Amino acid sequence: MALIRYNPWQELNAIQRLFEDTRVPFERDFVKVPAAELTQTDDAVHLKLELPGMDAKDLDIQVTEKAVSISGERKSETKTEDKGTTRTEFDYGKFQRVIPLPVKIQNTDVKAEYKDGILNLILPKKEEEKNKVIKVNLEQPTA
C-alpha cells in the first residue's frame, strides 16, 4: 500500500477555483475599503491610502485629533457591447473608512497630496505628544 501525504492547501485551492468560476450576483454591491499604510516620526503621522481610479474631487477627507475619516464613491463606467461578455473584478460604489490614530494630532495643519491613485496625508503631532516622556516610579520592596 502506498503512503499518500495529506496536503491541506490542495483543498483550499480547489475551493478558491470554485468561487472564482461562480461569482455570486450580490457580490458586485460589495465595496472594499482602501488599503492603508501608517508610519510615525517624531513630528508627524504619515498616512497613505490606495485609491486607484478616483478623482480628488470625489473624495471626502475629515480629520479629528484622534482619527481620519475618508469616504468617496467610485463610479462605474457603463459600457454596452454587442458581442461577448464582460467580467470585472473592479470595485464600484461608495466606501468609508475611519482610521484611528496612535497619537493626538494638530488637525488644523494637515497636508494632503493625491497622485497616481495614492493619497498621502501628513498629520503633525500636537506639541504635547512630541517627545512625550513619562517618568516611571520604581517601588522598592520592604523587608
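Treat the numbers as computed from the prediction; the structure is a model and nothing was measured.

### A word on the nonpolar core
Counting 17 residues, the largest nonpolar core has Leu-47, Leu-49, Leu-51, Val-68 and Leu-123 as the members making the most contacts within it. Going through the elements one at a time, β2 (44–50), β3 (59–63), β4 (67–74), β5 (93–100) and β7 (118–124) are the ones with two or more residues in this core. For Leu-123, the residues in contact, after removing those within four places along its chain, are Ala-44, Val-45, Leu-47, Val-63, Val-68, Leu-101, Ile-105 and Val-110.

### Here's the deal with the sheet that holds β3
One open sheet accounts for three strands, arranged β3-β4-β5; its pairing is antiparallel. If you trace the sheet from one side to the other, it starts and ends with β3 and β5, each paired once. Going from strand to strand, the sheet's axes swing by 10° on average, the running direction of each strand aside. Relative to β4, β3 runs antiparallel, the two being bridged by five bridges. Pairing of Leu-59 across the sheet is with Gly-72, part of β4.

### Remarks on the sheet that holds β2
Spatially, the four strands line up as an open sheet ordered β1-β2-β7-β6, and their pairing is antiparallel. Both edges of this open sheet fall to β1 (36–40) and β6 (111–115), since each of them pairs with a single strand only. Taken pair by pair, the neighbouring strands of this sheet meet at an average axis angle of 15°, ignoring direction. Bridging between β1 and β2 involves five bridges; their strand directions are antiparallel. Its bridge partner lying in β2, Glu-37 is registered against Lys-48.

Cut-offs applied
- Residues numbered from 1 in each chain as written.
- Predicted model: local features only at pLDDT ≥ 70, side-chain atom pairs only at ≥ 80, totals over all residues.
- Heavy atoms only, no water.
- Core = buried A, V, L, I, M, F, W, Y, C linked by side-chain atoms within 4.5 Å.
- Buried < 20%, exposed > 50% of the residue type's maximum accessible area, 1.4 Å probe, protein only.
- Helix = DSSP H or I, 4+ residues; strand = E, 2+ residues; numbered from the N terminus.
- Contact = heavy atoms within 4.5 Å.
- Pairing = 2+ DSSP bridges.
- Axes fitted to C-alpha atoms, helices over the stretch in contact; angles between N-to-C directions.

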